[in-house]
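Here is what each chain is made of, one letter per residue.
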Amino acid sequence: MDGIVQLQRQLVDYNASLFHEGFLDDQFNQLQQLQDESNPDFVVEVVTLFFEDADRLLNELTKALGQPSIDFKRLDAHVHQLKGSSSSIGAQRVHRVCISFRNSCEEQNVEGCLKNLQQVKHEYSLVKSKLETLFRMEQQVLAAGGSVSR
């Protein structure tokens, strides 16, 4: 039983660190509250859709910024989508970089866009890794016979 309690404590501490370090905001809590016994994988499913969408959008952004003539309206539309989807799961740091990225698009600042692209890729890879770790920890608690509080 001590092992389960220790795993649960580690999970709670890790979850709290994601908020404290600004990776996640309250929107993620709200997402978790929508999960119940009838849909136990809701959060993982929604976040997985975010990962797929973000990967696609980051590829589109990379391609668009590699063109000799950059379509800033199209670029901004992709950033706007990423901003919205990151906000909907509570990926706060990704969302913040997208705001700056959109400003660079509006100013048609190629250098700023390239810098923001690298920053958003970095923040995305961090939050993806952190969420994957969180989900693994939740599975360990459940596999050990414990419960995960929301």
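Everything numeric here is computed off the predicted structure, so don't read it as measured data.

Asks: Got a minute to help me understand the nonpolar core in this structure?
Replies: Nonpolar side chains in soluble globular proteins tend to end up buried together. Residues F28, L75, L82, F101, V120 and L131 are the most contacted members of the largest nonpolar core, which totals 41 residues. Of all elements in the fold, only helix 1 (2-20), helix 2 (26-33), helix 3 (42-65), helix 4 (72-89), helix 5 (92-106) and helix 6 (110-143) reach the threshold of two or more residues within this core. A total of eleven residues in this core trace back to one element, the largest contributor, which is helix 3. Residues within four places of L131 in sequence aside, it is in contact with L24, F28, V47, F51 and I89.

Asks: Where do I start with the UniProt feature "modified residue: Phosphohistidine" (unreviewed entry) in the protein chain in this structure?
Replies: In this numbering, the UniProt entry assigns the feature "modified residue: Phosphohistidine" (unreviewed entry) to H80. Summarising the element assignment, H80 is placed in helix 4. Among the residues examined, H80 registers a relative accessible area of 43% and is labelled partly exposed.

Asks: Help me out: how do you make sense of the packing of helix 4 against helix 5 in this one?
Replies: When two helices pack together, their arrangement is given by the angle between the helix axes and by the axis-to-axis distance. Following both chains from N to C, one finds helix 4 and helix 5 inclined at 165°, their axes separated by 9 Å at the closest point. By the angle class used here, helix 4 and helix 5 are roughly antiparallel. Here helix 4 and helix 5 pass one another in a crossing that is left-handed. Packed against helix 4, whose contacting residues are F72, L75, D76, V79, H80, L82, K83, S86 and S87, the element helix 5 presents V94, H95, C98, I99, F101, R102 and C105 at the interface. Classifying every residue of the contact of helix 4 with helix 5 gives nine nonpolar, four polar and three charged.

Asks: Even after reading the chapter, I still don't get the packing of aromatic side chains, so can you show me in this structure?
Replies: The way to describe two aromatic rings as a pair is by their centre distance and the angle between their planes. The full count for this structure, using the stated rule, is four aromatic pairs. Each ring, one from F50 and one from F51, has its centre 6.0 Å from the other, and the planes form 50°; the classification is tilted. As far as burial versus exposure is concerned, F50 and F51 are alike and both buried. Put simply, the rings of F50, F51 and Y124 touch in pairs and so form one group of aromatic residues. A cation over a ring is seen here: R93 above F23, with NZ or CZ 3.9 Å from the ring centre. If you follow K128 out to its NZ or CZ, it ends over the ring of F51, 5.4 Å from the centre.

Parameters at a glance
- Residues numbered from 1 in each chain as written.
- Predicted model: local features only at pLDDT ≥ 70, side-chain atom pairs only at ≥ 80, totals over all residues.
- Heavy atoms only, no water.
- Core = buried A, V, L, I, M, F, W, Y, C linked by side-chain atoms within 4.5 Å.
- Buried < 20%, exposed > 50% of the residue type's maximum accessible area, 1.4 Å probe, protein only.
- Helix = DSSP H or I, 4+ residues; strand = E, 2+ residues; numbered from the N terminus.
- Contact = heavy atoms within 4.5 Å.
- UniProt positions renumbered as here; feature names shortened; annotations may be inferred.
- Axes fitted to C-alpha atoms, helices over the stretch in contact; angles between N-to-C directions.
- Parallel < 35°, antiparallel > 145°, perpendicular 65-115°, else oblique.
- Left-handed = near helix turned anticlockwise from the far one by under 90°.
- Nonpolar A, V, L, I, M, F, W, Y, C, P; charged D, E, K, R; others polar.
- Phe/Tyr/Trp six-rings, centres within 6.5 Å; stacked < 30°, edge-to-face > 60°.
- Lys NZ or Arg CZ within 6 Å of the ring centre and 35° of its normal.

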